[in-house]
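The residues making up each chain are set out below.
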Amino acid sequence: MSDELFNREEFISYFRDEAEELLQQIDADLLRLEEFVSSGETDPEIVNSLFRALHTVKGSAGMLGFTDVQNLAHKLENLCDLLRKERMPLSESAVDILFTGRDLLTALVEAAIGTHEAPGGVDEYIRKLDQFTSIYEETSHVIEGRMGEQHSFEEAAAAEEEQVSTADVAAFEAEVARLLAEAETRRGSGVAPSTPAPVAAFEGEVASAMPLPVPAPSAPAPSASPVAAEAPRPNGGEKNGPAKTGGEKRSSIHQTIRVDIERLDALLNLVGELVINRTRISDIANTLERLMSNKGANGGAAMANAGVIAPLAKDLADSAALLARTTNEIQESIMKVRMVPIGQVFDRFPRLVRDVAKARGKEVQLVISGAETDLDKTIVDEVGEPLMHLLRNNVDHGIEAPDEREKLGKPRIGTISLNAYHEGNQIIIEVSDDGGGINLEKVRARALKQGLIAADDRLTDREIVELIFTPGFSTAEVVSDVSGRGVGMDVVKRNITRLKGVFDVDTVPGQGTRFTIKLPLTLAIIQALLVRVADELYAIPLDSVIESQRVEMTDVRTVHGNEVITLRGQVVPLVRIAEFFQLGGERDPEKVMIVIVGLQGRQVGLVVDSFEGEQEIVIKPLSDVVGRIPGISGATILGNGSISLIIDVHSLVSEAYSSGKVARAEFSGV
């Protein structure tokens, strides 16, 4: 086949996407099937779903020449076929073998498309799988009296095809010859030809045995017949009334199309430029309006030009308003296109929880809600790893052993809840368990042993909890394949922070722990508070802003050289932006303008010169030439064409608390 007709790279891309969905479905089906092991029964629909998924993977892999994937999928398909035909009882061993096979199949798919190296142990697994299935295959052959030579799946397929062609085709040819002879006889006698009942039944059998080719989506629909034909019903379903016509069918199908994320990124960048220009036009219209209202300053010249400029200014303002409305609609549409259900990530975790629980000898159920909550595709791709570490931590450290839970009056099966929902322009993800909670004394003792804190350090409960996010910190006594190396929770905090998110922990000893993650719906366009510092404009993400206020200098205390204020009974350290970025300028001796920002329950007051209002901004990353600047997360272009730096609230809050300002202030009784 020519390259024009068969673009291999494009087909491999389709195969990758299809295989990923099918492998995820196989995982979900196996988890559902495992629930039936204790009862000894089998849900035929689940087994059929497994069989169909493996069959599809096998066929697609065979088309592309991925023989290793094709062979393993066929072997697993054989096992499912034994379950489907009730020639093998459903057992824990069978489910475990299928789980292992699914993992190897995933590794082989990744190796076939070139993203990973080929896994080891495939031949050994296939040998064990063949031994496992051969026992039941031989038993069924003996029972059915058809013990014979075993064939590979290629030989079996060829034999099956040959058997169908010799039996059905011969019968079909004989029947056609008979019908032609009968028709010739009736034509001579003047009797209208008819199809006897046995022939009609035979034609139905041939039609069901030989599926019709499926037309391409772009093919035109056939012309409607005066007589409504009945559409074929899968699985021999009962007739429920006349079938819809071809046009009605096609209109009821929900059509989707795969779009490369890079194309959406490019489109979103263009929308960002459109937002910038919209803001600029609005600024020009506002400037003209102010000039027209300031008649006294320009005297008679302004009055003379008012009759000409005023209509133009009004038209410009109207055009700016229309452009703003259109841009908002385009922006919302593009953002919706980029939104995908977070369930794409959640679907991976039931298998993860199941495997970790079995490895630790625990009984755990995962309850998922809010999987339909939409989130930007780029964030969905990044949030999987921190959630994985959180769930592993909940199973390993949170949920107690079954016997221990019984002694505490709890159910033997622990529960981990994974929930997602929208709150304003943020998405909230909660991971909670009904385990023993975080042992604060144990955390403190381990931190003291590792030299992270001193014996005389006065730490609040929240500060003790946050020690678990220190790189290398772990309360596990033994290093295992699940935990003990201290590389889990620090990864969670680092990744959430990189996504401009907020991470919080609530724990109750003996009752459980809840981790709360707050993420922006998108990282591209945000609402920001513009502030001026030493004649420079800075943008502060509005999600982090709690309040802004003017404070008299008499309310500012200095403790050990650090400025703090007391706000509603809470000590809030102050960070002067001008001094942090070394911008110079003089302090106002009478008042300070403060923007209170919050992160993970902590508050910091950012001292600025003035507030310049709120504005929707487009985030632009800093160039690699500039590099990383402490306290700055990016930049944006304002309506007048100037550049405003975006303040990294997380780094400023961390700086304020890590320097000990709050601890020393509280110790001093401020």
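Residues numbered from 1 in each chain as written. Predicted model: local features only at pLDDT ≥ 70, side-chain atom pairs only at ≥ 80, totals over all residues. Heavy atoms only, no water.

A. How the structure looks around the overall build of the chain. Of regular secondary structure, the chain possesses 21 helices and 18 strands. Looking at the chain residue by residue over its 670 residues, the buried ones come to 38%. Taking as baseline every contact in the chain between residues at least 6 positions apart, the subset at least 24 positions apart corresponds to 69%. Summed over all atoms, the accessible surface of the chain reaches about 38300 Å², with 53% contributed by carbon and sulfur. (Helix = DSSP H or I, 4+ residues; strand = E, 2+ residues; numbered from the N terminus. Buried < 20%, exposed > 50% of the residue type's maximum accessible area, 1.4 Å probe, protein only. Contact = heavy atoms within 4.5 Å. Areas by Shrake-Rupley, 256 points an atom, 1.4 Å probe, with all protein chains shown as cover.)

B. Here's a closer look at the sheet that holds strand E13 (residues 570-576). Ordered by their spatial adjacency, 6 strands build an open sheet running E10-E14-E15-E13-E12-E11, and the pairing between neighbours is mixed. The strands lining the two open edges of the sheet, one partner per strand, are strand E10 (545-552) and strand E11 (557-559). On average, adjacent strands in this sheet sit at an angle of 35° to one another, irrespective of strand direction. With 3 bridges connecting them, E13 and strand E15 (residues 602-608) associate as parallel partners. Bridging from a neighbouring strand, Val575 pairs with Leu606 of E15. (Pairing = 2+ DSSP bridges. Axes fitted to C-alpha atoms, helices over the stretch in contact; angles between N-to-C directions.)

C. Here's a closer look at the pairing of E13. Of all 7 residues making up E13, 6 are buried, and the element is well covered by its neighbours. Direction of pairing for strand E12 (residues 562-567) relative to E13: antiparallel, over a ladder of 4 bridges. Residue Thr566 lies in a different strand from E13, and its bridge partner there is Val571. Taking the residues between adjacent antiparallel strands as the criterion, E12 and E13 are bridged by 2 residues, where Arg568 takes a positive phi near 50°.

D. Layout of the packing of aromatic side chains. Evaluated as defined, the whole model comprises 6 aromatic pairs. With 5.5 Å between their ring centres and 5° between their planes, Tyr538 and Phe581 make a pair best called stacked. Pair noted here: Tyr538 is in strand E9 (residues 536-541) and Phe581 is in the loop between helix H19 (577-580) and strand E14 (591-599), with a separation of 43 residues, a long-range link. You can call Tyr538 buried: its relative accessible area is 5%. Between Phe580 and Phe581 the ring centres are 5.1 Å apart and the planes differ by 90°, which places this aromatic pair in the edge-to-face class. Relative accessible area serves as the criterion here: at 17%, Phe581 is assigned to the buried category. Three or more aromatic residues joined by ring pairs make a cluster, and in this case those are Phe469, Phe503 and Phe515. Between Arg84 and the ring centre of Phe51, over which it is positioned, the NZ or CZ distance is 3.8 Å. (Phe/Tyr/Trp six-rings, centres within 6.5 Å; stacked < 30°, edge-to-face > 60°. Lys NZ or Arg CZ within 6 Å of the ring centre and 35° of its normal.)

E. Quick peek at the nonpolar core. With 46 residues, the main nonpolar core has Leu387, Leu390, Ile429, Phe503 and Leu519 as its most contacted residues. It is helix H14 (residues 377-398) that contributes the most residues to this core, 7 residues altogether. Among all residues touching Ile429, those that are not within four sequence positions of it are Ile342, Phe346, Val383, Leu387, Leu418, Asn419, Ala420, Phe515, Thr516, Ile517 and Leu519. (Core = buried A, V, L, I, M, F, W, Y, C linked by side-chain atoms within 4.5 Å.)

F. Summary view of the packing of helix H1 (residues 8-34) against helix H4 (residues 92-112). In contact at an axis separation of 10 Å, H1 and H4 are set at 170° when each is read in the N-to-C sense. For the element pair H1 / H4, the angle class is roughly antiparallel. Seen from H1, the contacting residues are Phe15, Ala19, Leu23, Gln24, Ile26, Asp27, Leu30, Leu31 and Glu34; seen from H4, they are Val95, Leu98, Phe99, Arg102, Leu105, Thr106 and Val109. Tallied by class, the residues present in the contact of H1 with H4 amount to 11 nonpolar, 2 polar and 3 charged. (Parallel < 35°, antiparallel > 145°, perpendicular 65-115°, else oblique. Nonpolar A, V, L, I, M, F, W, Y, C, P; charged D, E, K, R; others polar.)

G. Structural context of the packing of H4 against helix H13 (residues 349-359). In the contact formed by H4 and H13, the axes pass within 13 Å of each other and the chain directions differ by 120°. One way to sum up the angle between H4 and H13 is to call them oblique. As for how H4 packs across H13, the hand of that crossing is left-handed. Across the interface between the two elements, Glu92, Asp96, Phe99, Arg102 and Asp103 from H4 touch Arg351, Arg354 and Lys358 from H13. Of the residues contributing to the contact of H4 with H13, the split by class is 1 nonpolar, no polar and 7 charged. (Left-handed = near helix turned anticlockwise from the far one by under 90°.)

H. A look at the sheet that holds strand E2 (residues 364-369). Across the sheet, 5 strands lie side by side as E2-E4-E5-E7-E6; this open sheet has mixed pairing. The open sheet terminates on both sides in strands that have one partner only, identified here as E2 and strand E6 (502-508). Mean inter-strand twist for the sheet, computed between neighbouring axes without regard to direction, equals 15°. As paired strands, strand E5 (residues 426-433) and strand E7 (residues 512-520) are joined by 7 bridges and run antiparallel to one another. Among the inter-strand pairings, Ile427 is bridged to a residue of E7, identified as Leu519.

I. Spatial organisation of the pattern of salt bridges. Counted under the stated rule, the structure contains 34 salt bridges. Note that Asp29 is salt-bridged to Arg32, the shortest N-O span being 3.3 Å. Of the two residues, Asp29 and Arg32 both sit in helix H1, 3 residues apart, roughly one turn of that helix. Because the salt bridges share partners, they merge into one network encompassing Asp27, Glu34, Glu92, Asp96, Arg102, Asp103, Arg351, Arg354, Asp355 and Lys358. (Salt bridge = Lys/Arg side-chain N within 4 Å of Asp/Glu carboxyl O.)

J. Inspection of the environment of Ile453 at higher detail. Relative to the helices and strands, Ile453 resides in the loop between helix H16 (440-449) and helix H17 (461-465). Take Ile453: its relative accessible area is 11%, and that puts it in the buried class. Between the alpha carbons of Ile453 and Ile464 there is a distance of 9.8 Å; along the sequence they are 11 residues apart. Each residue touching Ile453, except ones within four places of it in the same chain, is listed here: Arg444, Ala447, Leu448, Leu459 and Leu467.

K. Inspection of unusual backbone geometry at higher detail. With phi around 50°, Arg568 is a residue other than glycine that occupies positive phi space. The backbone phi angle of Gln582 is positive, close to 55°, even though this residue is not glycine.

L. Structural view of the pairing of strand E8 (residues 525-533). Counting buried residues along E8, 7 of its 9 residues qualify, which places the element largely inside the surrounding structure. Inspection of the sheet shows E8 paired to strand E16 (residues 610-618) by 7 bridges, in the antiparallel sense. By the bridge assignment for E16, Ile526 is matched with Ile617. Two strands pair when backbone bridges link them, and E8 and E9 are joined in this way by 6 bridges, in the antiparallel orientation. The residue of E9 that forms the bridge with Arg532 is Leu537.

M. Main features of H4. A rise of 1.5 Å per residue sets the reference length of H4, with its 21 residues, at 30 Å; its end C-alpha atoms lie 30 Å apart and thus fit the reference within 8%. Trailing H4 by a residue or two, Gly114 shows a phi angle of about 90°, which is positive. (Expected span 1.5 Å × (residues − 1).)

By themselves these figures say nothing about function.
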